[in-house]
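# Chains, contacts and geometry: an overview
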Amino acid sequence: INNIKPFGIYLLDENKVPLENKKIHFSVKDSNQKVNTFLGVTDSYGYCEYKMAYASGVYLIETSFLGDDEYKSSLNKNIFVINERTDKNNTSVKITNNIVDNKNGTFVCNYDLKNDFNMINDYLTLVSYDENGYYDIRKIATGKNGTGSVTIEPKSTVTVINSLFTGNVNYPAYEYLSLIYK
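Residues numbered from 1 in each chain as written. Predicted model: local features only at pLDDT ≥ 70, side-chain atom pairs only at ≥ 80, totals over all residues. Heavy atoms only, no water.

Read from one edge to the other, the open sheet built from 3 strands follows the order β7-β8-β11, with strand pairing classed as antiparallel. Here the strands that pair on one side only, and so sit at the sheet edges, are β7 (93-101) and β11 (147-152). Within this sheet the neighbouring strands show an average axis-to-axis angle of 20°, counted without direction. In terms of strand pairing, β7 meets strand β8 (residues 107-115) through 9 bridges, oriented antiparallel. Counted as the bridge partner of Val93 is Asn115 from β8. (Pairing = 2+ DSSP bridges. Helix = DSSP H or I, 4+ residues; strand = E, 2+ residues; numbered from the N terminus. Axes fitted to C-alpha atoms, helices over the stretch in contact; angles between N-to-C directions.)

With that settled, the discussion passes to a nonpolar patch on the surface. Judged by side-chain polarity, Tyr10, Leu12 and Tyr45 come together as a nonpolar surface patch covering roughly 380 Å² of accessible area. Under the relative-accessibility criterion, Tyr10 is labelled exposed at 56%. (Patch = residues over 30% accessible without salt bridge, like charges linked within 9 Å, V, L, I, M, F, W, Y side chains within 5 Å. Areas by Shrake-Rupley, 256 points an atom, 1.4 Å probe, with all protein chains shown as cover. Salt bridge = Lys/Arg side-chain N within 4 Å of Asp/Glu carboxyl O. Buried < 20%, exposed > 50% of the residue type's maximum accessible area, 1.4 Å probe, protein only.)

A few words on the sheet that holds strand β12 (residues 158-165). If you trace the 4 strands from one edge of the open sheet to the other, you get β10-β9-β12-β13, paired in antiparallel fashion. Edge strands, defined here as strands with exactly one partner in the open sheet, are β10 (135-141) and β13 (174-181). On average, each strand axis in the sheet is tilted by 20° relative to the strand beside it, whichever way the strands run.

Two aromatic rings, taken as a pair, are described by how far apart their centres are and by the angle between their planes. Enumeration over the complete set of coordinates arrives at 4 aromatic pairs. Aromatic side chains Tyr10 and Tyr47 sit 4.8 Å apart centroid to centroid with 50° between the ring planes, which places their arrangement in the tilted category. Separated by 37 residues along the polypeptide, Tyr10 in strand β1 (residues 3-10) and Tyr47 in strand β4 (residues 47-54) bring together distant segments of the chain. Between Phe38 and Tyr50, the ring centres sit 4.9 Å apart and the planes meet at 25°, which makes this aromatic pair stacked. Separated by 12 residues along the polypeptide, Phe38 in strand β3 (residues 35-41) and Tyr50 in strand β4 bring together distant segments of the chain. Here Phe38 falls in the partly exposed class, since its relative accessible area comes to 31%. Following the ring pairs from residue to residue traces out a cluster consisting of Phe26, Phe38 and Tyr50. (Phe/Tyr/Trp six-rings, centres within 6.5 Å; stacked < 30°, edge-to-face > 60°.)

A few words on the pattern of salt bridges. Two side chains carrying opposite charge are able to pair once their charged atoms lie near each other. Applying the stated criterion across every chain, the model contains 3 salt bridges. We note a salt bridge from Lys51 to Glu49, for which the minimum N-O separation is 4.0 Å. On the basis of relative accessible area, Lys51 is assigned to the exposed category, the value being 56%.

Below is the structure:
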């Protein structure tokens, strides 16, 4: 079942004055690397909204104003998480990882997704980003033993990896943060 979630932005000048009737480009990338685009126009408050009708998951949303004769362009990146709701609040979920330096500029991130009693056969979404503004999003399947692995090639000295489980009908959502130092 898809959830309809609004994602909105305000376009303001340097004096915080709303910019009206300006085109905003939305680009939404999911963890399967599928990209959807939308073009909107700001209202009198400088507000523009994109209503997402997506399943639970993690999305990278880039919003951009291409500029015009009066204003320079701007670009913003955001992570949007839609969690699955569950009534099973009596169970906990854990993500554990082991990061191995391959000594060739790549790192292998090994993950376990489990609760107190079972390994969870589902998927994790990894969002990696660094101080240079690089973002990546990808999905990792956890097999029947609850484990998954991915190789990451950091673009800068420090990379933040946000591992997200968006939940399902049996397990609540969970998030785990780790760092890679190159």
